[in-house]
Amino acid sequence: MSSAEFVYDGSAIDHTPDADLAMGEIVVQGDLVGITKRSIKADTLGAIAVEGVFDVPKTPASAVAFTVGQKVYVDGSNEPQTTATGNKLLGKAVLAAAADDDNVRVRLSQ
């Protein structure tokens, strides 16, 4: 039986986008969700973080509130949501966010 070979720690993974990505953009690849820590030009190898704590912008008008430890999902427009149906898991809230707050602080988890 062959053995697995260590490649890297996995806190960030390689990503080559089709279009330019700005720093802080949420990237969804199937069920894998990460956030760019730096801008990445189109067709250029970069990386997305899949671990860490990020302040994720939310539209205050969405009236979505989060409690500490609550799962945070993103919808098709990468807006933080509380429901799993039709959305992708981003992580868990590590700081409560009121419905009218501009951000929710999320610990990424896969």
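Everything here concerns the structure above.
The structure presented is a predicted model; accordingly, all values stated were derived computationally and were not measured.

A short note on the pairing of strand E2 (residues 26-29)
Next up, step 1: By the bridge criterion, four bridges tie E2 to strand E3 (residues 32-36) in an arrangement that is antiparallel. When the bridges of E3 are listed, Gln29 appears paired with Leu32.
Next up, step 2: With antiparallel pairing between neighbouring strands as the criterion, E2 and E3 make up a hairpin whose turn holds two residues, including Gly30 at a positive phi of roughly 65 degrees.

Overview of unusual backbone geometry
Next up, step 1: Phi is positive for Asp43, close to 60 degrees, though the residue is something other than glycine.
Next up, step 2: Structurally, Asp43 is set in the loop between E3 and strand E4 (46-49).
Next up, step 3: Residue classification places Asp43 among the exposed residues on the basis of a relative accessible area of 63%.
Next up, step 4: In this structure, Asn78 is a non-glycine residue whose phi angle is positive, near 65 degrees.
Next up, step 5: Inspection of the secondary structure assignment puts Asn78 in the loop between strand E6 (71-74) and strand E7 (80-81).

Some details on the sheet that holds strand E9 (residues 103-108)
Each strand in a sheet pairs with another by means of backbone hydrogen bonds, the pair being arranged parallel or else antiparallel.
Next up, step 1: Overall, antiparallel pairing links the five strands, which are arranged E5-E9-E8-E6-E7 in an open sheet. Both edges of this open sheet fall to strand E5 (53-57) and E7, since each of them pairs with a single strand only.

Concerning the sheet that holds E2
Next up, step 1: As summarised here, the arrangement of the four strands in space is E1-E4-E3-E2, forming an open sheet in which the pairing is antiparallel. Whereas interior strands pair on both sides, the edge strands pair on one side only; in this sheet they are strand E1 (12-15) and E2. Pairs of neighbouring strands in the sheet enclose a mean axial angle of 45 degrees, with direction left out of account.

Here is what the cut-offs are and how they apply
- Residues numbered from 1 in each chain as written.
- Predicted model: local features only at pLDDT ≥ 70, side-chain atom pairs only at ≥ 80, totals over all residues.
- Heavy atoms only, no water.
- Pairing = 2+ DSSP bridges.
- Helix = DSSP H or I, 4+ residues; strand = E, 2+ residues; numbered from the N terminus.
- Buried < 20%, exposed > 50% of the residue type's maximum accessible area, 1.4 Å probe, protein only.
- Axes fitted to C-alpha atoms, helices over the stretch in contact; angles between N-to-C directions.

As far as function goes, none of this settles anything; it's purely spatial.
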